[in-house]
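Next come the chains, spelled out residue by residue.
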Protein chains: 2
Amino acid sequence: MGKIKLKELSTRAPEGLDKKETREKTEKLVAELDELQNLLFAEGKHSVLVVIQGMDGSGKDGVIRNVLGNMNPQGVTVKSYKAPTAEELSHDFLWRIHQYAPARGMIQVFNRSHYEDILITRVHKWCDDETAVKRMKAINDFEQLLQEHNHTHILKFYLHISPEEQHERLSERMKDPAKMWKYNEKDFEEAKLWDVYMQMYEECFNECNRPEWTIVPADQNWYKEYIIASAVHELLSGLGMQFPGLKK
Amino acid sequence: MGKIKLKELSTRAPEGLDKKETREKTEKLVAELDELQNLLFAEGKHSVLVVIQGMDGSGKDGVIRNVLGNMNPQGVTVKSYKAPTAEELSHDFLWRIHQYAPARGMIQVFNRSHYEDILITRVHKWCDDETAVKRMKAINDFEQLLQEHNHTHILKFYLHISPEEQHERLSERMKDPAKMWKYNEKDFEEAKLWDVYMQMYEECFNECNRPEWTIVPADQNWYKEYIIASAVHELLSGLGMQFPGLKK
């Protein structure tokens, strides 16, 4: 795959795609995901790590709630990475990440992730370019470790929204009582740094691409959910999993 | 440094070295280590990882008790790695290791370590050569992560004893009431695999050598303790540490 340029990638569903039909497909996929996850857990051979990144308002929480949140929580855990604590900062940046790497049989979802250490930190210049390059190597090594040493399949999703859509969604948070808890005045400050964020995201997609990122057009929730449900379904159904039978 | 061949390296102190004098030097070093560790903790900039490996009876516990155990336990923690639990086995082999990586300001001692995953596991063929090579790369990446991303200084010690000395020490465990708790009949079985162990150790010294290993002649406890006290002292006193002064 060539270098990713976000401006060249649409944030919307392909022209003419039927919303209702797509939603029905997603529902079917999500129902099957529950069965596939049960098989993953029972077989206990593979593990799955789903990394979700995106700008504020890109709908990370929604994907977790509507697509990944319908599987059995005994086998699916979600870790949301916020600003690091003092204890976390006193270790290498992957220390708090590695602890939540999925055990075999498990699906682990990261709502934000180690990628913040080369995104927000670079945008605000808390991390210089030299350190960023070292971090990218460390991330690649770490993801290789999980893939090669624990049968971990990594899916990395970037929820790609337009700045206009973001502005609308952030503004909604000021008006809708059910969304006000998400409102943070700082989000509007961050939004002004849009172009720098896009540049840092592009570098991260291009440098940390084993496995490659899926850029998910995310202006419409129905399409975003379909793409992610499809990708997780494709992965799980391609693992050739089998129930292990009676233990001998 | 050239390739390490254990058979060519003495397990004893250099001829003519005075035992009493050396013990006095060690005592002085150990007393100073307590001060240096206090400074490390106060400054909170560097972290230290001390890895101790060696055959059964090589005196790992003694080093910890007599050399490293005299510092303030608030700033020095010891993790002994035993056979992995079911939960540990359901993750990559470095998962249980990374959790105990030292925070800045701390000294972490590993009594056995991630190296067992390319030692005992290879000797017993639980891990094939191809996996071992991948594990060595993962170990090098991991140690690089700690060194580059958390100011971690890694000291790796191999306690080098002769098979004859080992036999004597293991036999003592059957006779001395204060040592019987360490007796394990399986140790004698493992001892028969001496040559294979030496070969696996050599590969691990030669392949995972950033930083290089210190091969410690360990047939005499007084000399072993002197070498390790000296190495830790040299590291800490070379860090150019300073008390940070009043916070502003």
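Each value, and the rule that gives it
Residues numbered from 1 in each chain as written. Chains lettered and ligands numbered in written order. Predicted model: local features only at pLDDT ≥ 70, side-chain atom pairs only at ≥ 80, totals over all residues. Heavy atoms only, no water. Helix = DSSP H or I, 4+ residues; strand = E, 2+ residues; numbered from the N terminus. Rg over C-alpha atoms; globule rule 2.2 N^0.38 Å. Areas by Shrake-Rupley, 256 points an atom, 1.4 Å probe, with all protein chains shown as cover. Lys, Arg positive; Asp, Glu negative; His and termini not counted. Charge placed at Lys NZ, Arg CZ, Asp CG, Glu CD. Least-squares fit on C-alpha atoms with pLDDT ≥ 70 in both. Contact = heavy atoms within 4.5 Å. Expected span 1.5 Å × (residues − 1). Buried < 20%, exposed > 50% of the residue type's maximum accessible area, 1.4 Å probe, protein only. Polar contact = N/O pair within 3.5 Å; in protein donor to acceptor, adjacent residues only side chain to side chain. Salt bridge = Lys/Arg side-chain N within 4 Å of Asp/Glu carboxyl O. Pairing = 2+ DSSP bridges. Axes fitted to C-alpha atoms, helices over the stretch in contact; angles between N-to-C directions. Buried area = accessible area lost by both parts, 1.4 Å probe. Disulfide = S-S within 2.5 Å. Phe/Tyr/Trp six-rings, centres within 6.5 Å; stacked < 30°, edge-to-face > 60°.

Student: Describe the overall build of chain A, with residues and values.
Tutor: Helix and strand counts for chain A come out as 10 helices and 5 strands. In terms of overall dimensions, chain A is globule-like: its C-alpha atoms have a radius of gyration of 18 Å, near the 18 Å expected for 248 residues. C-alpha extents for chain A along the principal axes are approximately 60 × 45 × 40 Å. Carbon and sulfur atoms make up 51% of the accessible area of chain A, which totals about 12700 Å². For chain A, the centre of its 34 positive side-chain charges and the centre of its 40 negative side-chain charges are spaced 2 Å apart.

Student: I'd like to hear about the relation of the copies chain A and chain B, residue by residue, with values.
Tutor: In screw terms, the move from chain A to chain B is a rotation of 180° and a rise of 0.0 Å along the axis, fitting with an RMSD of 0.0 Å. Both copies of the chain, as the preceding transformation shows, are related through a two-fold rotation axis. An overlap of 100% is found between the interface residues of chain A and their copies at the interface of chain B, pointing to a shared contact surface.

Student: Pulling in residues and values, what's your account of helix 7 (residues 163-175) of chain A?
Tutor: Its 13 residues place the ends of helix 7 of chain A 19 Å apart at the C-alpha level, agreeing with the 18 Å of an ideal helix rising 1.5 Å per residue. What helix 7 of chain A keeps buried is the set Glu 165, Gln 166, Arg 169, Leu 170, Ser 171 and Arg 173 of chain A.

Student: Can you lay out helix 1 (residues 19-43) of chain A for me, pointing to particular residues and giving the numbers?
Tutor: Residue and element names in this part refer to chain A. The end-to-end C-alpha distance of helix 1 is 35 Å, a good match for the 36 Å that 25 residues give at a rise of 1.5 Å each. Regarding helix 1, the residues found buried are Thr 22, Thr 26, Leu 29, Val 30, Leu 33, Leu 36, Gln 37, Leu 39, Leu 40 and Glu 43. Here the buried face of helix 1 lies against strand 1 (47-54), helix 2 (60-68), strand 2 (76-80), strand 3 (107-111) and helix 10 (221-237). Taking the backbone nitrogen of Lys 20 as reference, a side-chain oxygen 3.2 Å away marks Asp 18 as the first, capping residue of helix 1. Positive backbone phi, approximately 65°, marks Gly 44, located one or two places after helix 1.

Student: Please set out the pattern of salt bridges residue by residue, giving values where relevant.
Tutor: Under the criterion given, the structure shown has 33 salt bridges over all chains. One salt bridge in this structure joins Lys 137 of chain A and Asp 141 of chain B, with 3.7 Å as the shortest N-O distance. With Lys 137 of chain A in helix 6 (residues 129-149) and Asp 141 of chain B in helix 6 (residues 129-149), this pair bridges two chains. Look at Asp 141 of chain B and you get buried, because its relative accessible area is 12%. Members of the salt-bridge network, linked through shared partners, are Lys 137 and Asp 141 of chain A together with Lys 137 and Asp 141 of chain B.

Student: Lay out the sheet that holds strand 2 of chain A with the relevant residues and their values.
Tutor: Residues and elements named next belong to chain A. The 5 strands lie next to each other as 2-3-1-4-5, forming an open sheet whose pairing is parallel. Two strands bound the open sheet, and with one partner strand each, they are strand 2 and strand 5 (213-217). Each strand axis lies, on average, 20° off the axis of its neighbour in the sheet, ignoring direction. Its contacts with the sheet place helix 2 against strand 1, strand 2, strand 3 and strand 4 (152-160), and it is angled at close to 145° to strand 1.

Student: Could you give an account of the sheet that holds strand 3 (residues 107-111) of chain B, naming the residues involved and the relevant values?
Tutor: Residue and element names in this part refer to chain B. Overall, parallel pairing links the 5 strands, which are arranged 2-3-1-4-5 in an open sheet. Both outer strands of the open sheet, strand 2 (76-80) and strand 5 (213-217), are each paired with one neighbouring strand and no more. Across the sheet, the axes of successive neighbouring strands diverge by a mean angle of 20°, strand direction being ignored. Pairing of strand 4 (residues 152-160) with strand 5 involves 5 bridges; the strand directions are parallel.

Student: Please give an account of the interface of chain A and chain B that cites residues and values.
Tutor: Chain A puts 24 residues into the contact, and the matching count from chain B is 24 residues. Of all residues in chain A, the largest losses of buried area upon contact with chain B belong to Asp 92, His 98 and His 149 of chain A, amounting jointly to 27% of the total for that side. Between the two partners, chain A and chain B, sit 2 salt bridges. The interface formed by chain A and chain B holds 19 residue pairs in polar contact (both at pLDDT 80 or more) in total. If you list the elements that add at least two residues to the side of chain A that touches chain B, you get helix 4 (95-98) and helix 6 of chain A.

Student: Let's hear about the pairing of strand 3 of chain B: which residues, and what values?
Tutor: Residues and elements named next belong to chain B. Summarising burial for strand 3: 5 of the 5 residues are buried, a large majority. Burial along strand 3 is two-sided: the residues Ile 107, Val 109 and Asn 111 and Gln 108 and Phe 110 are all buried. As paired elements, strand 1 (residues 47-54) and strand 3 share 5 bridges and run parallel to each other. If you follow Val 51 over to strand 3, its bridge partner there is Phe 110. Across 5 bridges, strand 2 lies against strand 3 in parallel orientation. In the sheet register, Thr 77 faces strand 3, and the bridge partner there is Gln 108.

Student: So, the side chain of Thr 152 of chain B: which residues are in play, and what are the values?
Tutor: Residue and element names in this part refer to chain B. Considering the arrangement of structural elements, one finds Thr 152 in strand 4. A polar contact of 2.8 Å, which involves the side chain of Thr 152, links it to the side chain of Ser 47. At 3.2 Å, the side chain of Thr 152 and the backbone oxygen of Leu 146 are in polar contact. Excluding residues that lie within four positions of it along the chain, Thr 152 makes contacts with Ser 47, Val 48, Leu 49, Pro 102, Leu 146 and Gln 147.

Student: So what about the state of the cysteines? Which residues, and what values?
Tutor: Scanning the entire structure with this criterion turns up 0 disulfides over all chains. Here Cys 127 of chain A is not cross-linked by a disulfide; its sulfur's nearest cysteine counterpart is in Cys 208 of chain A, at 12 Å. No disulfide involves Cys 208 of chain B; its sulfur sits 5.8 Å from that of Cys 204 of chain B, the nearest cysteine.

Student: Give a detailed account of the pairing of strand 4 of chain A, specifying residues and quantitative values.
Tutor: Along a regular strand, successive side chains alternate from one face of the sheet to the other. Residues and elements named next belong to chain A. Across the 9 residues of strand 4, 8 count as buried, placing the element largely inside the fold. As judged from the 8 bridges shared by strand 1 and strand 4, these two strands associate in the parallel manner. Directly across from Val 50, in strand 4, lies its bridge partner Leu 155.

Student: I'd like a description of the packing of aromatic side chains, backed by residues and values.
Tutor: Residue and element names in this part refer to chain A. Inspection of every chain in the model, using the stated rule, returns 20 aromatic pairs over all chains. Between the aromatic rings of Tyr 81 and Phe 110, the centroid separation amounts to 5.1 Å while the plane-to-plane angle is 90°, which identifies the pairing as edge-to-face. In this pair, Tyr 81 sits in the loop between strand 2 and helix 3 (86-89) while Phe 110 sits in strand 3, placing the two residues 29 residues apart along the sequence. Here Tyr 81 matches Phe 110 in class, with each residue buried.

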